[in-house]
Amino acid sequence: MSIELYASNALESLADKLSENLKEDKFDVFTKPYIVTQTEGINSWLKIRLAEKLGIISNVAMVSPTDVVSRVFSALGGGIQQTMHSEYLKWLIFEMLSEKDFAEAFPKISSYFADSESKRLSLAKKTADLFDQYQIYRPEKITEWSNGIPETDADLQWQSYLWHKIKTNHSEQLGDKTELAQKIIELLNDEKHQQVLVKKIPRLYFFGMAIITPFYLKLFYALSQHIPVRFYLINPSPETYWMEDVTEKRMTLLLNRNKKKSTEDFTIGNELLLNWGKIINDSFTLLFHDDGNINSYDDSLRTETESPATLLQKIQSDIYNNAAQDSRHEITEADASDGSVTINASFTAFREVEILYNYLIQLIDEKKAVLSPRDIVVMVNDVDKYAPFINAVFDNAPYKIPFSIADESLSSGNNFFSALVLLLAMEENEFTSERVVELLENKYIRKRFGISNIPLIRKAMAEANIIFGVTGSVNNDTRFMSWEYGLRKIVLGLCISGGNNIIYKNEAIQPIDT
């Protein structure tokens, strides 16, 4: 057996191929097909697509690459063990950073957060994210730290200390991914465990994965020796081998570095494909190191627009054909204004979401577009950053558009836990109006204090010129944009609307006109 690769530039084609394979494989009712994806958003979309093709989809396990490591380990008799994920590690690290032993061993790091709880929480979060990535991208370093090998890099010694302490104190509850993967490979050397794997997890389907690392590939290859492992991957240009192409800018840089090379040594590709497809490029390059994967590569699922008419279709066609500068479609003035691609510049993330809402209303109202919520996908680079603004705009909009937010972390969702994290992260010197409004937009806080009109609060803060700081300072004029000064303007405005300045506690205050 070997890894099977299906590639297409269309996610729909890959989903249809997956549905065909699921139908052909004929799982019994007691056996779950395992479909491995990287996001909850893909899971939701894929379930609907498979249900349309198969009539019904049930008893299917949608898991992440990390989860599949735990599931396989458990199936082979290794027991149920939660892997070391950033959400778990964050709070362990947060606690360890406050310990006396850490402060004595690493006074420089400890002085960074000093008496600031929010800085300690921020450092714990960043460190937990690093540890999560180290397990995937630097497994050899994690193995060294787990085995207690002293870290020679002074900048990493505090991380090594934290990791080793986590392993020592919590290894029974939490297993690191590097260790679990190695144990799985060792267990598969036993024929008895091979039979157990075939019985409990007869096949694995990897759908829409953009990031494939050597760590995961080594494990997936070991599994593929005993069960079918199928990958359904997006390749924007499936008919061309573009992984070694370069942009004109990159070629110029390489020529300046190496005078012995000439332009004939390089193949120029499509700039959008090469720049935006870097992660996909790395994944395919890794897969194609194995000749068996090249032989099993199937690009028959590709779809191409034969006669591109809009600006978007022309860009898609150029990417599909890996068209360089001279061979691209001609872009006319009419193409640039056809509305298939629009670019909006916004001064805040909140304004971005407002523009999105207005655009959707325009599509539905003015253009009479027939749309359902499932026809609209909104992609952002940091869902945790945008989630509060999405909730604020769409929950309080005059015309309700159903929506759901996928891939939002527990600590960033609109829930009690996220409200607690926001409160912990709030510092007096960062008491900005936006941070306070973000707190007030949490549904648990709104319900507890009976807050219903967030737009009115925003308007009042703007008129009172509340920007940041609790009290501010007269010396640098921040006093006049502080919360204390602004709230006095609002309260006096409620009592005496408008009028002249009022002297209150030796301060001249202009009540806002209510």
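Anything mentioned here points back to the structure above.
Worth saying up front: this structure is predicted, and the values here are computed from it rather than measured.

A. Structural view of the packing of helix α19 (residues 349–365) against helix α20 (residues 383–395). The N-to-C vectors of α19 and α20 enclose an angle of 45°; their axes lie 9 Å apart at closest approach. With respect to their mutual orientation, α19 and α20 come out oblique. When the axes of α19 and α20 are compared, the crossing they make is right-handed. Packed against α19, whose contacting residues are Ala349, Phe350, Glu352, Val353, Glu354, Leu356, Tyr357 and Leu360, the element α20 presents Lys385, Tyr386, Phe389, Ile390, Ala392, Val393 and Phe394 at the interface.

B. Inspection of the packing of aromatic side chains at higher detail. Enumeration over the complete set of coordinates arrives at 24 aromatic pairs. Here the aromatic rings of Trp91 and Phe94 are separated by 5.8 Å at their centres, their planes lie at 75°, and the arrangement is edge-to-face. In this pair, Trp91 and Phe94 both sit in helix α4 (residues 86–97), 3 residues apart, roughly one turn of the helix. Taken together, a centroid distance of 5.4 Å and an interplanar angle of 80° make the contact between Phe131 and Trp163 edge-to-face. Here Phe131 is found in helix α7 (residues 117–137), whereas its partner Trp163 is found in helix α9 (residues 157–170), with 32 residues between them in sequence. Residue classification places Trp163 among the buried positions, given a relative accessible area of 0%. Within the aromatic cluster, the residues linked to one another by ring pairs are Phe206, Phe215, Tyr216, Phe220 and Phe231. The ring of Phe94 is capped by Arg120, whose NZ or CZ atom sits 3.9 Å from the centre of that ring. The lysine or arginine in question, Arg138, covers the ring of Tyr134, its NZ or CZ lying 5.3 Å from the ring centre.

C. Structural detail: the packing of helix α8 (residues 139–146) against α9. Contact pair α8 / α9: the axes reach a minimum separation of 9 Å and the direction vectors enclose 65°. For the element pair α8 / α9, the angle class is roughly perpendicular. The element α8 and its partner α9 pack so that their crossing is right-handed. Judged by residue contacts, Ile142, Trp145 and Ser146 of α8 engage Gln159, Ser160, Trp163, His164 and Lys167 from α9. By residue class, the composition of the contact of α8 with α9 is 3 nonpolar, 4 polar and 1 charged.

D. Spatial organisation of the pairing of strand β6 (residues 204–207). The alternating pattern of β6 places Leu204 and Phe206 and Tyr205 and Phe207 on opposite faces, both of which are buried. Across 3 bridges, strand β2 (residues 34–36) lies against β6 in parallel orientation. In the sheet register, Tyr34 faces β6, and the bridge partner there is Leu204. For the handedness criterion, the β-α-β arrangement of β6, helix α12 (residues 214–224) and strand β7 (residues 229–234) is classed as right-handed.

E. Structural view of helix α1 (residues 11–25). The terminal C-alpha atoms of α1, which comprises 15 residues, lie 21 Å apart, in line with the 21 Å expected from a rise of 1.5 Å per residue. Looking only at α1, the buried set comprises Ser13, Leu14, Ala15, Asp16, Lys17, Leu18, Ser19, Asn21, Leu22 and Asp25. Tucked inside the fold, the buried residues of α1 contact β1 (3–8), β2, α2 (40–54), β6 and β7. Positive backbone phi, approximately 50°, marks Lys26, located one or two places after α1.

F. Inspection of the environment of Phe113 at higher detail. Along the chain, the position of Phe113 falls in helix α6 (residues 107–113). As a C-alpha pair, Phe113 and Gly77 span 36 residues in sequence and 43 Å in three-dimensional space. The residues touching Phe113, leaving out its near neighbours within four places in the chain, are Leu97, Lys119, Arg120 and Leu123.

G. Geometry of the nonpolar core. Among the nonpolar cores identified, the biggest contains 46 residues, and Ile184, Leu204, Leu223 and Phe231 are the most heavily contacted of them. Counting residues per element, this core draws most heavily on α12, which supplies 7 residues. Dropping the residues within four chain positions of it, Leu223 is found in contact with Val72, Ile184, Leu188, Leu197, Leu204 and Val229. By size, the runner-up hydrophobic cluster in this structure holds 25 residues, among which are Leu121, Leu123, Trp158 and Leu174.

H. Examining helix α24 (residues 454–463) more closely. Listing the buried residues of α24 in full gives Ile454, Arg458 and Met461. Along the axis of α24, the buried positions cluster into a sector of 65°, meaning they face one direction only. What points out from α24, more than 90 degrees from its buried face, is the exposed set Pro455, Leu456 and Lys459. If you follow the buried residues of α24, they end up packed against α19, α22 (433–440), α23 (443–449) and α25 (483–495). Capping of α24 at its N-terminal end is provided by Asn453; its side-chain oxygen lies 3.1 Å from the backbone amide nitrogen of Leu456.

I. Structural context of the side chain of Thr31. As for its placement among the helices and strands, Thr31 is situated in the loop between α1 and β2. For Thr31, a relative accessible area of 15% gives the class buried.

J. Focus on the pairing of β7. The buried fraction of β7 amounts to 5 of the 6 residues, a majority that puts the element mostly inside the structure. Relative to β7, β1 is paired through 6 bridges, and the arrangement is parallel. Each bridged residue has a counterpart across the sheet, and for Leu5 the counterpart in β7 is Phe231. Note that β6 and β7 share 4 bridges and pair parallel. Residue pairing across strands places Phe206 opposite Phe231, the latter belonging to β7.

Calculation criteria
- Residues numbered from 1 in each chain as written.
- Predicted model: local features only at pLDDT ≥ 70, side-chain atom pairs only at ≥ 80, totals over all residues.
- Heavy atoms only, no water.
- Axes fitted to C-alpha atoms, helices over the stretch in contact; angles between N-to-C directions.
- Helix = DSSP H or I, 4+ residues; strand = E, 2+ residues; numbered from the N terminus.
- Parallel < 35°, antiparallel > 145°, perpendicular 65-115°, else oblique.
- Left-handed = near helix turned anticlockwise from the far one by under 90°.
- Contact = heavy atoms within 4.5 Å.
- Phe/Tyr/Trp six-rings, centres within 6.5 Å; stacked < 30°, edge-to-face > 60°.
- Buried < 20%, exposed > 50% of the residue type's maximum accessible area, 1.4 Å probe, protein only.
- Lys NZ or Arg CZ within 6 Å of the ring centre and 35° of its normal.
- Nonpolar A, V, L, I, M, F, W, Y, C, P; charged D, E, K, R; others polar.
- Pairing = 2+ DSSP bridges.
- Right-handed = clockwise from strand over helix to strand, strands pointing away.
- Expected span 1.5 Å × (residues − 1).
- Core = buried A, V, L, I, M, F, W, Y, C linked by side-chain atoms within 4.5 Å.
- Arc of directions from axis to C-beta.
- Polar contact = N/O pair within 3.5 Å; in protein donor to acceptor, adjacent residues only side chain to side chain.

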